[in-house]
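What the coordinates show
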Amino acid sequence: MSFIRRLSTAALISLTMGLCLLDAHTAPLQPVMTPSSLTTRAQDRAGQALHTLSLDIASDGAAVTARALSQQNGWGNVTSALAQGQPEVAPLLSSLIPESSGHTTTLLRRSMKSALPRHPAVVLSALREQTDSPVSPRDVCSAKGMSRHWRKTATQAVATVHDIRLSNRARQCLRLLHDS
C-alpha cells in the first residue's frame, strides 16, 4: 500500500510541475522595458500633459492654469517636457511664466538654464525679448553660477540655432554667454 501511495504522490507532483512548465512556455511574453521605451513612455505622458495644459490655458486663461499647477504640484510635467526638449512646451512657458509665483519662476528659470545646452531652440522659443519679462535671455543665458563646461556647451548649442524667428534671441544669448 505504501508503494501505491508514493507512486500517486509522485504522479501528482509531476503533473503539477508539468502544468507549471507548460503554462510558463505558453504564457504570452511581457514586453521588456528598455531605456528607449521608458523614454518614449515619459515623452508620451509629458506630451499628453502639455496638450491638457494648452487646453486649460485656452479655456481658463494662463493665470488660472498657473495657480492650478502650483496647487497641484503640476510644474513637474512642464519641467520634464522642457528637459526632453519638446517644442510644444515653449509657447506654454511663454504664457505661464508671467503668471507664475516667484518661487515657480525661479524653478522655471533654472530648468531653462539647464536645458539650454541640450535644447537651445526650445529654450530660446520660450524666452520673451522684453526686459521686463520674469524670465529673459539675460536670466537664462548668463553663465553666472554655471560651470565652464556649461558655458562652452551652451555657446556651441546656441550657435547651432538657425531659425530666423529666433535669430535675435540667439544673438543676444551668445553675447551674454561671451560677456559673462
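Structure's up top.
Parameters at a glance
- Residues numbered from 1 in each chain as written.
- Predicted model: local features only at pLDDT ≥ 70, side-chain atom pairs only at ≥ 80, totals over all residues.
- Heavy atoms only, no water.
- Phe/Tyr/Trp six-rings, centres within 6.5 Å; stacked < 30°, edge-to-face > 60°.
- Lys NZ or Arg CZ within 6 Å of the ring centre and 35° of its normal.
- 1 Å grid on protein atoms, 1.4 Å probe; cavity = no way out; pocket = protein on both sides within 12 Å on 5 of 7 lines; lining within 4 Å.
- Points joined across faces, edges and corners; volume = space filled by probe spheres on them.
- Helix = DSSP H or I, 4+ residues; strand = E, 2+ residues; numbered from the N terminus.
- Nonpolar A, V, L, I, M, F, W, Y, C, P; charged D, E, K, R; others polar.
- Axes fitted to C-alpha atoms, helices over the stretch in contact; angles between N-to-C directions.
- Parallel < 35°, antiparallel > 145°, perpendicular 65-115°, else oblique.
- Left-handed = near helix turned anticlockwise from the far one by under 90°.
- Contact = heavy atoms within 4.5 Å.
- Buried < 20%, exposed > 50% of the residue type's maximum accessible area, 1.4 Å probe, protein only.
- Arc of directions from axis to C-beta.
- Disulfide = S-S within 2.5 Å.

1. Description of the packing of aromatic side chains
- The final tally for this structure, using the stated rule, is zero aromatic pairs.
- One cation-aromatic arrangement involves Lys 113 over Trp 150; the distance from NZ or CZ to the ring centre is 5.9 Å.

2. A closer look at the layout of surface pockets
- Counted as a void, the largest pocket has a volume near 160 Å³.
- Looking at the largest pocket, the residues that line it are Ala 49, Thr 52, Leu 53, Asp 56, Asp 60, Val 64, Thr 65, Ala 68, Leu 69, Gln 72, Gly 74 and Asn 77.
- Ranked by residue count, the leading element in the lining of the largest pocket is helix α2 (residues 35–60), at five residues.
- Classifying every residue of the lining of the largest pocket gives five nonpolar, five polar and two charged.

3. Observations concerning the packing of helix α4 (residues 75–84) against helix α6 (residues 102–115)
- As a packed pair, α4 and α6 sit with axes 9 Å apart at the nearest point and diverge in direction by 15°. Viewed along their axes, α4 and α6 adopt a mutual orientation that is roughly parallel. Viewed along their axes, α4 and α6 form a crossing whose handedness is right-handed. Facing Trp 75, Val 78, Thr 79 and Leu 82 of α4, the residues of α6 in contact are Thr 104, Leu 107, Leu 108, Ser 111, Met 112 and Ala 115.

4. Examining α4
- The set of residues buried in α4 consists of Trp 75, Val 78, Thr 79, Ala 81 and Leu 82. Across the axial projection of α4, the buried residues extend over an arc of 155°, all falling on one side.
- Immediately beyond the C-terminal end of α4, within one or two residues, lies Gly 85, with a positive phi of roughly 80°.

5. Points about empty space enclosed by the protein
- Going through the model one piece at a time under the given rule, you end up with one cavity of 30 Å³ or more.
- Reported here for the largest cavity is a volume of approximately 30 Å³.
- Contributing to the lining of the largest cavity are Leu 93, Ser 94, Ile 97, Pro 98, Ala 126, Leu 127, Arg 128, Ser 133 and Val 135.
- Grouping the amino acids of the lining of the largest cavity by side-chain chemistry returns six nonpolar, two polar and one charged.

6. Here we look at the state of the cysteines
- Considering all chains together, one arrives at one disulfide under this definition.
- The residue that forms a disulfide with Cys 141 is Cys 173, at a sulfur-sulfur distance of 1.9 Å. Judged by the torsion about the S-S bond (-100°), the Cys 141/Cys 173 disulfide is left-handed. Of this pair, Cys 141 sits in the loop between α8 (137–140) and α9 (148–159) while Cys 173 sits in helix α10 (residues 167–179), and the two are 32 residues apart along the sequence. In this pair, the class of Cys 141 matches that of Cys 173, namely buried.

7. Quick notes on unusual backbone geometry
- In this structure, Asn 73 takes a positive phi of about 50° despite not being glycine.
- Following the sequence through the fold, Asn 73 ends up in the loop between α3 (62–71) and α4.

All we've got here are geometric facts, nothing functional implied.
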